[in-house]
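# Coordinates in review
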Amino acid sequence: MPVLETRSLTKVFGGLTAVNNVDLHVDQDEIVALIGPNGAGKTTVFNAVTGVYPPSSGSVVFQGREISGFPPHKATQLGIARTFQNIRLFGEMSALENVLVGQHCRTKYTVVGAVFRGPRSRREERGAIARAEELLEYVGLSSYQDEAARNLPYGSQRRLEIARALATQPSLLFLDEPAAGMNPQESGALMDLIRQIRAGGMTIMMIEHDMKVVMGISDRVIVLDHGEKISEGTPEYVRGDPKVIEAYLGKSA
Amino acid sequence: MEQNKPLGPLEPAESARPGVPTEAPEAGRFRAPLNPVAALFTGRGPEWVRYALLGGVLLVAALLPFVIQSDRWLTLFTIVLIYVVLASGLNIVVGFTGLLDLGYVAFYAIGGYYAAIIFVQVLKNGFGLDISEMWWLTWVNVLVGGGLAAVAGSLIGYPTLRLRGDYLAIMTLAFGEIIRIVANNWVGLTRGPSGVSGVPKFAIGDFVFKTNFRSYFLALALAVISLFVISRLVRSRVGRAWTAIRDDEVAAAAMGINTSRYKLLSYSCGAFFAGTMGVFFGQYLNFIHPSNFKLMESFVMLCLVVLGGMGGLVGPVVGAVIWITLQEWLRDFEFIQLHPEVRGMVMGIVLVLLMIFRPQGIIGGRRVPLYRKLRRERVSKE
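Residues numbered from 1 in each chain as written. Chains lettered and ligands numbered in written order. Predicted model: local features only at pLDDT ≥ 70, side-chain atom pairs only at ≥ 80, totals over all residues. Heavy atoms only, no water.

### A look at the packing of aromatic side chains
Residue and element names in this part refer to chain B.
- What the rule picks out here adds up to 22 aromatic pairs over all chains.
- Relative to Phe217, the ring of Phe66 has its centre 6.0 Å away and its plane inclined at 50 degrees; by these criteria the two rings are tilted. Of this pair, Phe66 sits in helix H2 (residues 47-67) while Phe217 is found in helix H8 (residues 212-234), placing the two residues 151 residues apart along the sequence.
- For the pair Phe107 and Tyr267, a centre-to-centre distance of 5.8 Å together with 90 degrees between the ring planes defines the contact as edge-to-face. (Phe/Tyr/Trp six-rings, centres within 6.5 Å; stacked < 30°, edge-to-face > 60°. Helix = DSSP H or I, 4+ residues; strand = E, 2+ residues; numbered from the N terminus.)

And the structure:
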């Protein structure tokens, strides 16, 4: 059974069909890349699946459960985590606090626990802090622990977003252009990180424009154009698919 | 509370921008040690400095009434403490959660009217009980009044918190006025414009908090407890959720935070503190009147938060102490006695100048750590 499956997913904004009848699936422990020219509807697929807005029609099934129309916090609780194309960290909070927020849905205590700091909330808090420190070390950001997120270098902000997403303890990780704006050295390090995350038992779906990254780490590539799926297969297959070449480069006369 | 030195070292020296090539992630950076004053506000730096400063401020506050014994100033200090709590409570909503609330006075009014109505209108006039015997209720009221305000907060917040920015501000503004207008016109319940008098003072048995001296210490205790509770709320999972909503609501939702629930919670928690202070105010002055809860009060409370600095714990306290004291001190000038309306103008000028030269407020909204390391216990417990 696939971890995630969309069935004729469609999203219409006014008169614009951003995503049109897209069927896709992501299997356990797979790295799937979603590519396509600008405006192809890639981010819209992410947003419709993670609940930023409900799909216009079609369904989204996550681990055998219909989740279309669920609000984003619900999707996260079920185990779908994501990063954002334009980095959306909590700028005023430190790196560690950003990761702590990621653990929000895996901790329980609220106002009473916060004020009285009983044994349960202390235990949860201690565990959350320890785990946040671990995650920062995992993505190589330990030295920035107490630095406000907005002051981090760009590449580190991307890494922090990944750490924060991992903190929600997902079973499916969505990365929206994780290598955007990175130099080859950084994107190489990012590929290592993504492989490492997968090796730890994570299913990953990413949108990426950097073909070196896409070809380097994905098991399967799905190509969207004008909101429709035009190709799907191994990186090698997709690279040679005339429809894909046409979508990117235009029709040769 | 006069530690408003320039906080230069707090601003990080470098700020990376998207697209700027970065150093390897492993590269650590050297951070210059912060000065002790800065440590109070940032929570970085040695912990004892913060505790020492906090202790110093508390000591000064506790010794104040022994040094300054005039009734006028003791009353003022008590009022200052009320505003300290009001500003800090409002700061939960405005500073930490980033929701503009222009009707905060409504919750203050609810607390005040609750105390007045339960004692005078219900127990005394309704049941004919001797309220001077019921001293214990003065204490219970503080919590009940706060709770009532919190419930009112979630009732009004439920429909309004779906709105954003300006719309929310307008709705809250209207709510603040509605409460006052109801208080002014529902004569049967609130006695309308004649106000409710005869609200009993705080008491423990025969020990009545009737002098300004005693009331000051009561206010101080309430303020200390409130600030303690607020600081614990902020440095927790709850405070982090609030701050996350302020910084980026979409990302907060993607972290599994039920944003509407936490906004509502923030609104209720803020309202709670206003409610408790309303009860204190009523039982301190023995008299509640609609004019205590004018629209202007909401603005003053917001000004205190802005003046001191939003989003920190110290800012609203400093704002309240400086602003309310200054307002009273201005009365000493002959010119202002002749033209009392000038007082508002002076305050306006101060605020404008502040916005030009120090838009982040006197203290600045420098971040409070939103977690607390609970390491020390590991040794003893685990």
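After that view, the rundown keeps rolling.
### Notes on the sheet that holds strand E4 (residues 57-62) of chain A
Residue and element names in this part refer to chain A.
- Spatial strand order, E2-E1-E4-E5: 4 strands in an open sheet with antiparallel pairing. The open sheet has two edge strands, strand E2 (16-26) and strand E5 (65-66), and neither has a second partner.
- With 7 bridges connecting them, strand E1 (residues 4-13) and E2 associate as antiparallel partners. Following the sheet pairing, Glu5 is matched in E2 by His25.
- Along the sheet face, helix H1 (residues 42-50) touches E1, E2 and E4 and points at about 110 degrees away from the line of E1. (Pairing = 2+ DSSP bridges. Contact = heavy atoms within 4.5 Å. Axes fitted to C-alpha atoms, helices over the stretch in contact; angles between N-to-C directions.)

### Examining the sheet that holds strand E6 (residues 80-82) of chain A
Residue and element names in this part refer to chain A.
- Pairing is mixed in the open sheet, where 6 strands are placed in the order E6-E7-E8-E3-E9-E10. Strands with a single pairing partner mark the edges of an open sheet, and in this sheet they are E6 and strand E10 (228-233). Each neighbouring strand pair of the sheet contributes to a mean axis angle of 20 degrees, computed without reference to strand direction.
- Both strand E7 (residues 172-176) and strand E8 (residues 203-207) contribute to a ladder of 5 bridges, which runs parallel. Bridging across to E8, Phe174 finds its partner in Met205.
- Running over the sheet, H1 touches strand E3 (31-35), E6, E7, E8 and strand E9 (220-225) and is turned about 145 degrees from E7.
- Contacts between helix H7 (residues 184-199) and the sheet are confined to E3, E7 and E8, with E8 contributing the most and set at about 150 degrees to the helix.

### Looking at unusual backbone geometry
Residue and element names in this part refer to chain A.
- Not every positive phi belongs to a glycine, and Ser8 is a case in point at roughly 35 degrees.
- Note on placement: Ser8 falls in strand E1.
- A positive phi angle, close to 45 degrees, is found at Arg117, a residue other than glycine.
- With respect to the helices and strands, the residue Arg117 is situated in the loop between helix H4 (111-116) and helix H5 (119-138).
- Taking relative accessible area as the criterion, Arg117 reaches 13% and is therefore assigned buried. (Buried < 20%, exposed > 50% of the residue type's maximum accessible area, 1.4 Å probe, protein only.)

### Things to note about the domain arrangement of chain A
Residues and elements named next belong to chain A.
- Per the domain assignment, the segments making up chain A are domain 1 (1-79 + 170-253) and domain 2 (91-169).
- Here domain 1 and domain 2 have C-alpha centroids that lie 27 Å from each other.
- At the junction of the two partners, domain 1 supplies 20 residues and domain 2 supplies 13 residues.
- The junction of domain 1 with domain 2 conceals about 1300 Å² of combined surface from both sides, 66% of it contributed by carbon and sulfur atoms.
- Counting across the domain 1 and domain 2 interface gives 0 salt bridges. (Domains from an automatic or database assignment. Buried area = accessible area lost by both parts, 1.4 Å probe. Salt bridge = Lys/Arg side-chain N within 4 Å of Asp/Glu carboxyl O.)

### Brief notes about the pattern of salt bridges
- Under the definition given, this model contains 17 salt bridges over all chains.
- One salt bridge in this structure joins Arg220(A) and Glu30(A), with 2.7 Å as the shortest N-O distance. Separated by 190 residues along the polypeptide, Arg220(A) in strand E9 and Glu30(A) in the loop between E2 and E3 bring together distant segments of the chain.
- The exposure class assigned to Glu30(A) is buried, which follows from its relative accessible area of 11%.
- For Arg72(B), the salt bridge identified is with Glu328(B), shortest N-O distance 2.9 Å. Taken together, the residues span a long stretch of sequence, with Arg72(B) in helix H3 (residues 71-96) and Glu328(B) in helix H13 (residues 315-329) at a distance of 256 residues.
- Residue Arg72(B) is classed as partly exposed on the basis of its relative accessible area, which comes to 32%.
- Each of Glu30(A), Arg220(A), Lys229(A) and Glu232(A) takes part in salt bridges that share partners, so that together they form one network.

### As for the nonpolar core
- Counting residues in hydrophobic clusters, the biggest one holds 114 residues, and the most contacted among them are Leu86(B), Phe107(B), Tyr108(B) and Trp323(B).
- Top contributing element to this core by residue count: H3(B), with 17 residues.
- The contacts of Leu86(B), once residues within four sequence positions are left out, are Tyr104(B), Tyr108(B), Ala274(B), Met277(B) and Met301(B).
- Counting 46 residues, the second-largest nonpolar core is a separate cluster that includes Ile35(A), Leu100(A), Met182(A) and Val214(A). (Core = buried A, V, L, I, M, F, W, Y, C linked by side-chain atoms within 4.5 Å.)

### Observations regarding helix H12 (residues 295-308) of chain B
All names here are of chain B.
- Under the 1.5 Å per step criterion, the end-to-end length of H12 is 21 Å for 14 residues, consistent within 8% with the ideal 20 Å.
- Counting buried positions over the 14 residues of H12 gives 10, a clear majority of the element.
- In the core, the buried residues of H12 are packed alongside H3, helix H4 (105-124), H13 and helix H15 (342-357).
- Immediately downstream of H12, the backbone of Gly309 shows phi near 125 degrees, a positive value. (Expected span 1.5 Å × (residues − 1).)

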